[in-house]
Each structure stands twice: as C-alpha cells, then as structure tokens.
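A look at the structure
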Amino acid sequence: MAVEERDAAAARDGAAAAPDIRLENVTKRFDDVTAVDDLSLTIDQGRFFALLGPSGCGKTTTLRMIGGFEEPTSGTILLGDRDVTGLPPYRRDVNTVFQSYALFPHLSIYENVAFGLRRKGVKGDDLKRRVGEALELVDLGDLGRRKPRQLSGGQQQRIALARALVNRPKVLLLDEPLGALDLKLRKQMQLELKGIQNEVGITFVHVTHDQEEAMTMADTIAVMNAGKIEQLGSPADLYERPETAFVAGFLGASNLLPGRLNGEGIVGLDGGGDVRVPASALAGRSGRIAVGIRPEKLRLAAGGAQADGENVLEGVVAERSYIGVSTQYVVETSAGPVTVYAQNAEPGAGQAASPGERVSLAWSPEATFVVDQHEEGTR
Ligand SMILES: Nc1ncnc2c1ncn2[C@@H]1O[C@H](COP(=O)(O)OP(=O)(O)O)[C@@H](O)[C@H]1O
Ligand SMILES: [Mg+2]
C-alpha cells in the first residue's frame, strides 16, 4: 500500500464522526475590509456542510482559508488534529472545485483526471484503475477519450469533480460549483452531488448563495452575514426556528409582526392584540421583538367564517396571485401586510377570497418564531 493510501485509510478509520475541520477565532482582513470576522466553526467528519449567505459575506474567503489559498490575519485552522494554518494547499488533505471548471482544454478527459496522480508518481495499472473509478463515480466512464469542449457544462463539472476526488482527499471544498449551469441541470447536479457525497463519505464544504441549493444538499448549514455565522443548524432548524430576522428572510419568505413581550409565551402586537408563541422562543429576549410566521403556516377563511387556530388576525385582501400549486394573498391587517400561501388542493380553491374581501387568518403557536427587532426594521 502506498504511503498516501495508508495515511488516508488510517485517517478514515480513526476519525469517524470526529471533528474534521476546525476554525478557531479566524479573522481575515484585506486592507480596511474585514472579510471574515472572528469566526469559529467545527465541521464533523462525513458532513455535507453548506456555507450560505449573500454575495460578499465572506464565504469564498472562508473556504480559501480552509484550502490554504489564503492565510488568516489571525486565528487557527485545524484539519483533524493538525494545525494547518500556515501550510500551503498541497500540504493539506483537501481539494477544491471552483465554479469555473478549470479543465485543461488540450488534454483528454482521462488525462485531466489523471493529472494530479501522475504528478504524484502514480502510474501503470494503479493509475488506470483509479482514474477509471473516479470517472465511474461521476457516471462518465466511457467519455475518457474526449476533450473537455466535446462535453456539456454539466459533464465538465462532473469531470472537475472526478479530478478533485481522484486522489481521495479527506475534505472536498466546493465554491458555487453549479453556478454556471442552467436551472434544470443545476437541480439534477444537486441530487447527483449529494449521491456522490453519500457514496464516498468524505466531508464536503459547499459554498452557495442559493438557499434552495443549500437546503437540498446539505445536512448542516451555516448562514453567514458580514463575515460572521449568524446561525448554524439543519435545514429544518433554520427554516422552522430562525433566530434572527436575517436568517428568516434569507431562507424563504416570512411575515414579521412587530411587538413586545406581554407575559409568559405572549407577545402584544404593535397594531393591537396578543399572540401566543412557544415560551422557549422568548427565552433571553426583551425589548422590541417581532413574531415570525411562514406564509404557508397561515390558514385563511373567507365569507365571514372564522379561521381555525389559537392565534387569529383579521384583515382585508389587498392582492391575490394564482401561482398554480398555491395562491398567494397579501392581507392588510392591524399588524401590517401579511402574506399567505394557500395550497390549491381542491378545484377552485385558488379563488377562495377576492381582493377587497374581509378575511380571517389563523395559525398555531408552534408555527411561530420570534426574532429581535432592530433599527433597520424587520420586514
Ligand atoms: N483578495 C481580496 N482583496 C480585497 N478584498 C477582498 C479580496 N477577497 C475578498 N475581498 C472582500 O472580502 C469580502 C468577502 O468576499 P468573499 O469572501 O469573496 O465573499 P462571498 O464569497 O461571500 O461573496 C468582500 O467585501 C470582498 O470584496
Ligand atoms: Mg464567493
């Protein structure tokens, strides 16, 4: 067994569910810009981990520091138990796939994938077998002789993936790897990437600004904002229980109704009326807060009927848009405009309430989250 193989095998066996990547108080400044701000993070072995956030929030810089392409201004980066902070990329057991595939145009697909292995002195049957396995993994086993330009965008991205996986890194870093693909191909590649990660079982760290992409693929998501992690959790955690207005707004649509604490598990809305929320959602909060409800969690009743639920708001339909699977309403209430998605389960359901009509909205306390309300407003 080659030294490299033995090391990789030892690392795999010894490190099950152990922390694979650790960032400790990592800061990166470029002149007067703080791209990454005192960030600490642990990613366990075998995770499909997404760094999600708007453009400019520091995702790429974080990834480049893990890969060794950028050195932190301060802080420590560990891979396994090894402090790699000052080490160059080739001395880390990490590979990176970028948005631009960066394939060598004059080399065949086979040689593109073989490139890194040849440089390490792998040759003969060993080389052939390993390139073959990597191409099989991305389902392109029979295209080895072609040149990159003879492949579609999705196929080229799969080759880039095969090339990054062929020398069996402990960690694969992906920076918006599907960004150049059209929507349909992107959706397909999301599922394929997840399948490949399942198969190889190594840690993937995936950078994206697309919340749907992160939720489709990742088992853990860190939402980044201005160089910091705003919240970290499973996709369901982040969606059902966002802790800040930023996270609530970045992952899907939400209604945020301003108010203040009015007792145990009760928020008094600024526009009048009390709503019930889980008591745990109020723990540690004081002052100005906002009650959050996702549009699909609201029930709407028209024609003078009362919607069924513990929390109720009355209002008038200001807008209605039919979008096939659901109908989207904007209802003017005393708490401000409230968006409702009503599922079109029954024929004619999309026309249940008309603009100008009085309606009643209801939802359960369990479907409610709470965020702090800041200066810049929460809606
Ligand atoms: N090499 C660099 N020189 C100067 N500023 C940079 C450099 N790389 C990134 N930045 C700045 O750091 C911030 C974070 O950038 P980046 O990590 O690329 O964000 P993201 O990937 O989330 O879009 C941005 O304000 C960006 O302009
Ligand atoms: Mg980026």
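I will try to describe carefully the structure that is included in this document. Just so we're clear, the structure is a prediction, and the values are computed from it rather than from any experiment. Numbering of residues begins from 1 in every chain and follows the order in which that chain's sequence is written. Lettering for chains starts from A, numbering for ligands starts from 1, and both go in the order in which the items are written. Reporting of local features is limited, given that this is a predicted model, to residues whose pLDDT is at least 70; pairs of side-chain atoms are given and counted only at 80 or more, and all residues count toward the totals for whole chains, interfaces and linings.

**Describing the overall build of the protein**
Put simply, DSSP marks the helices as runs of H or I at least four residues long and the strands as runs of E at least two long, and each gets a number from the N terminus on. Scanning the protein for helices and strands turns up 10 helices and 20 strands. Judged by the C-alpha coordinates and their principal axes, the protein covers about 80 × 50 × 40 Å. In this scheme every C-beta is placed from the backbone, and a residue whose C-beta has 20 or more other C-beta atoms within 10 Å is buried, one with 12 or fewer is exposed, and one in between is partly exposed. Buried residues in the protein amount to 39% of all 379 residues. Here contacts are defined at the residue level, using C-beta atoms placed from the backbone and a cut-off of 7 Å between them. For the protein, the proportion of contacts with a sequence separation of at least 24, taken over those separated by at least 6, is 66%.

**Things to note about the sheet that holds strand 13 (residues 274-276)**
The strand order across the open sheet built from five strands is 13-12-11-14-20, with neighbouring strands paired in antiparallel fashion. This sheet does not close on itself; its edge strands, each paired only once, are strand 13 and strand 20 (368-372). The average angle at which neighbouring strand axes cross in this sheet is 45°, direction not considered. Bridge count between strand 11 (residues 255-261) and strand 12 (residues 266-269): three bridges; the pairing is antiparallel. By the bridge assignment, Leu261 is partnered in strand 12 with Val267. Paired strands, in this sense, are two strands between which DSSP finds at least two bridges. Interaxial angles span 0 to 180 degrees and are taken between N-to-C directions of axes, which are lines fitted to C-alpha atoms, for helices over the stretch in contact.

**Things to note about the site of ligand 1**
Around ligand 1, the neighbouring residues are Phe30, Val33, Ala35, Gly53, Ser55, Gly56, Cys57, Gly58, Lys59, Thr60 and Thr61. Counting residues per element, the ones that place at least two in the shell around ligand 1 are strand 2 (33-44) and helix 2 (59-67). Broken down by element, the shell around ligand 1 gets its largest block of residues, three residues, from helix 2. Tallied by class, residues from the shell around ligand 1 come to four nonpolar, six polar and one charged. Any residue whose C-beta atom, as placed from the backbone, lies within 6 Å of a molecule or strand is termed near it. When residue character is reported, Ala, Val, Leu, Ile, Met, Phe, Trp, Tyr, Cys and Pro are called nonpolar, Asp, Glu, Lys and Arg charged, and the others, Gly included, polar.

**Regarding unusual backbone geometry**
Notably, Arg168 is not glycine yet its phi reads approximately 45°, a positive angle. Relative to the elements of secondary structure, Arg168 occurs in the loop between helix 5 (153-165) and strand 7 (171-175). With 20 C-beta atoms packed within 10 Å, Arg168 lands in the buried category.

**Topic: the packing of helix 3 (residues 109-119) against helix 5**
Relative to each other, helix 3 and helix 5 sit at 30°, their axes nearing to 7 Å. Accordingly, the angle class assigned to the pair helix 3 and helix 5 is roughly parallel. The chirality of how helix 3 crosses helix 5 is right-handed. Seen from helix 3, the contacting residues are Ile109, Asn112, Val113, Phe115 and Gly116; seen from helix 5, they are Ile159, Ala162 and Arg163. Angular relationships are summarised with four words: roughly parallel below 35 degrees, roughly antiparallel beyond 145, roughly perpendicular across 65 to 115, and oblique for the angles in between. Note on convention: near helix rotated counterclockwise from far helix by under a right angle means a left-handed crossing. Clockwise means right-handed.

**Focus: the environment of Thr27**
As for its position among the elements, Thr27 is in strand 1 (residues 19-30). On the neighbour-count criterion, Thr27 (16 C-beta atoms within 10 Å) is partly exposed. Taking the C-alpha atoms as reference points, Thr27 and Gln190, separated by 163 residues in sequence, lie 31 Å from one another. Among residues more than four places away in sequence, those in contact with Thr27 are Thr34, Val36, Asp37, Asp38, Pro72, Thr73, Ser74 and Gly75.

**What about the nonpolar core?**
A general trend in soluble globular proteins is that nonpolar side chains are found buried together. Among the nonpolar cores identified, the biggest contains 94 residues, and Val113, Ala162, Leu172, Val205 and Val223 are the most heavily contacted of them. The dominant element in this core, judged by the number of residues it contributes, is helix 5, at six residues. With sequence-adjacent residues up to four places away left out, Val223 is seen in contact with Leu52, Gly53, Ile229, Glu230, Gln231, Leu238, Val247 and Phe250. To count as a nonpolar core, a set of buried Ala, Val, Leu, Ile, Met, Phe, Trp, Tyr and Cys residues must be joined through C-beta atoms within 7 Å.

**Examining the sheet that holds strand 15 (residues 299-301)**
Taken in spatial order, the five strands make up an open sheet running 15-19-16-17-18, and their pairing is antiparallel. Looking at the sheet topology across the chains shown, the edges are occupied by strand 15 and strand 18 (336-343). Between one strand axis and the next, the sheet turns through 40° on average, direction left out of account. Where strand 16 (residues 311-322) lies against strand 19 (residues 358-363), six bridges are found, and the strand directions are antiparallel. By the bridge assignment, Asn311 is partnered in strand 19 with Trp363.

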